[in-house]
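Read off the chains here:
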Amino acid sequence: MIKTRFAPSPTGYLHIGGVRTALYSWLFARRHGGQFVLRIEDTDRERSTEASVNAILEGMAWLGLDYDEGPFYQTHRFARYQEVIQQLLESGHAYHCYATKEELDQLRKEQEARGEKPRYDRRYRDFTGTPPEGIDPVIRFKNPLDGEVVIDDLVKGRVVIKNEELDDLIIARSDGTPTYNLTVVVDDWDMGITHVIRGDDHLNNTPRQINILKALGAPLPQYAHIPMVLGPDGKRLSKRHGAVSVLQYKEEGYLPEALLNYLVRLGWSHGDQEIFTVEEMIEYFALDAVNNAPSTFNPEKCLWVNQQHIQRSSGAHLARHLAPFIAERGYDPAQGPDLAAVAELLKERSKTLVEMADQARYFYQDFDAYDVSAAKKHLRPVALEPLQQLREALADLNEWTAEAIHAVIQSVAKRLDVGMGKVGMPLRVALTGQGQSPSIDQVAALLGRETTLKRLDKAIEFVMNRAAAQDS
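Residues numbered from 1 in each chain as written. Predicted model: local features only at pLDDT ≥ 70, side-chain atom pairs only at ≥ 80, totals over all residues. Heavy atoms only, no water.

**A closer look at the side chain of Thr4**
Item 1. Within the secondary structure layout, Thr4 lies in strand β1 (residues 3-6).
Item 2. Within the structure, the side chain of Thr4 is placed 2.9 Å from the backbone oxygen of Ser25, a separation counted as a polar contact.
Item 3. Once you skip the residues sitting within four places of it in the chain, Thr4 turns out to touch Ser25, Trp26, Phe28, Ala29, Gln35, Phe36, Val37, Ile193, His195 and Ile197. (Helix = DSSP H or I, 4+ residues; strand = E, 2+ residues; numbered from the N terminus. Polar contact = N/O pair within 3.5 Å; in protein donor to acceptor, adjacent residues only side chain to side chain. Contact = heavy atoms within 4.5 Å.)

**Remarks on the sheet that holds strand β8 (residues 170-172)**
Item 1. Taken together, three strands build an open sheet; the order of strands is β4-β5-β8 and the sheet is antiparallel. Where the open sheet ends on each side, the last strands, each with one partner, are β4 (94-97) and β8. The sheet shows a mean angle of 45° between the axes of neighbouring strands, direction not considered.
Item 2. Looking at chain direction, strand β5 (residues 138-141) and β8 are connected through two bridges and run antiparallel. Among the inter-strand pairings, Arg140 is bridged to a residue of β8, identified as Ile170. (Pairing = 2+ DSSP bridges. Axes fitted to C-alpha atoms, helices over the stretch in contact; angles between N-to-C directions.)

**Structural notes on the packing of helix α16 (residues 384-395) against helix α18 (residues 420-432)**
Item 1. Following both chains from N to C, one finds α16 and α18 inclined at 75°, their axes separated by 9 Å at the closest point. Judged by the angle between their axes, α16 and α18 are roughly perpendicular. For the pair formed by α16 and α18, the contact residues are Pro386, Leu387 and Leu390 on the first element and Lys422, Val423, Pro426, Leu427 and Ala430 on the second.
Item 2. Grouping the constituent residues of the contact of α16 with α18 by class yields seven nonpolar, no polar and one charged. (Parallel < 35°, antiparallel > 145°, perpendicular 65-115°, else oblique. Nonpolar A, V, L, I, M, F, W, Y, C, P; charged D, E, K, R; others polar.)

**Digging into the environment of Val278**
Item 1. Within the secondary structure, Val278 sits in helix α9 (residues 278-284).
Item 2. Residues Val278 and Leu27 lie 251 residues apart in sequence; the distance between their C-alpha atoms is 9.1 Å.
Item 3. Leaving out residues up to four positions away in the same chain, Val278 has contacts with Trp26 and Glu257.

**Some thoughts on the sheet that holds strand β3 (residues 69-73)**
Item 1. Sheet architecture is open: three strands sit in the order β1-β2-β3, paired in parallel fashion. Looking along the sheet, the strands with just one partner apiece sit at the ends: β1 and β3. Across this sheet, the average inter-strand angle for adjacent strands is 25°, counted without regard to direction.
Item 2. Where strand β2 (residues 35-40) meets β3, three bridges bridge the pair, whose relative direction is parallel. Residue pairing in the sheet places Val37 in a bridge with Glu69 of β3.
Item 3. Sitting on the sheet, helix α2 (residues 50-63) is in contact with β1, β2 and β3, with an inclination near 160° to β2.

**Some details on the pattern of salt bridges**
For side chains of opposite charge, pairing can occur when their charged atoms come near one another.
Item 1. Within the structure shown, the criterion is met by 29 salt bridges.
Item 2. As a salt-bridge pair, Lys156 and Asp200 come within 3.3 Å of each other at their nearest N and O atoms. Of this pair, Lys156 sits in the loop between β6 (148-153) and β7 (157-162) while Asp200 sits in the loop between β9 (195-199) and α6 (206-216), and the two are 44 residues apart along the sequence.
Item 3. By relative accessible area, which is 24% here, Lys156 ends up partly exposed.
Item 4. Among the ionic pairs, Lys301 bridges to Glu274, the shortest N-O distance being 3.3 Å. Separated by 27 residues along the polypeptide, Lys301 in helix α10 (residues 299-312) and Glu274 in the loop between α8 (256-264) and α9 bring together distant segments of the chain.
Item 5. A relative accessible area of 28% places Glu274 in the partly exposed class.
Item 6. Among the charged side chains, a network of salt bridges with common partners joins Arg5, Arg39, Glu41, Arg77, Arg80, Glu83, Asp187, Asp188 and Asp190. (Salt bridge = Lys/Arg side-chain N within 4 Å of Asp/Glu carboxyl O. Buried < 20%, exposed > 50% of the residue type's maximum accessible area, 1.4 Å probe, protein only.)

If you want it as structure tokens, here you go:
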């Protein structure tokens, strides 16, 4: 069975580059009926924080990237790593290295002076003498000295690395803690990972990890190294360069499936299709359709994708995600129309849920003042008669529906021999306090008879006071 994993390091928030890696791994597992594992690589004790772990878990939950196993924490597996390190020592695939920092610094200087690539010279690889006193050794892996490592990468194709280009990497520090290249190998082996899908910044680690797996007699996973995501300025998107937390997109009013849709298209395509449901992403995703070139993050395109998802979503779905934004603003949905109906009405005019929540205010709260320019243009003395006739006709309306309200607006306009705008626009400002809104008959239908008539009374009084002020 296919098994993939996402293994973030909790040294910062979960940013969108990491989310895309998680998404590709998740989609590949779901596409093939496999399993997806979440592993927290928290061995960097100085930089790993509980807050970062929580941000990763919260981000994954918000995005709906559910995992079948985990989260596993590397700090809980130190005994297992020590067991494998001992196994490598006993089998002759690892050795203690007593070189001091000063010795290694001097070696580096000499190599650089000769124009050579700095690397450990394996001085303790075959050491059998008496260990120097007072030195806590590191443990290094005995990398093969000849031959080559062949990676049949599912994205990059065939990659060949000569073993002579690899040095004997450290697998345990002098304090005994294991290093990344050892822990990731043991974890992938123990967890039965069949496909490692990760950023191509890990490609240089892969031949080292393959050699360790071979030394352990462990099965090799298939690798897929996906190109990096670049920022708008063409530089690598990273925690230190323009990569904001995925939770910031939640706060800014993005739908989780919209963000996933945008990220899946950063390096993958299915024909010319731009907008995907999560189900479509699972159905169509394939690693052989992943582009081998870096992709550039475009905030404007990401916002457009979010707008498309909002417009295509049901009011009920939007209401679930909109509710926290409504609560943040102090609106009480119990004091107004059904939130799903409001979301359905506002979705054509909203790029984000933040915009939608701001626009929803007049459904749940009375406003203290009208937009100055809208009132100046549409609540003039000439609007008094249309507003009064609207108020009278709406008060007598038997069926309070958008269709019936629209018929009243038409009737008043016809009776006064004016265009629909001369009636509809004063009504819009009266009911919403502003000059723009969805269809005003639908707005009035959702506001209800009592609120509509109350706001009409307020607007009529406003116009009468304005007329009186002009006369005086």
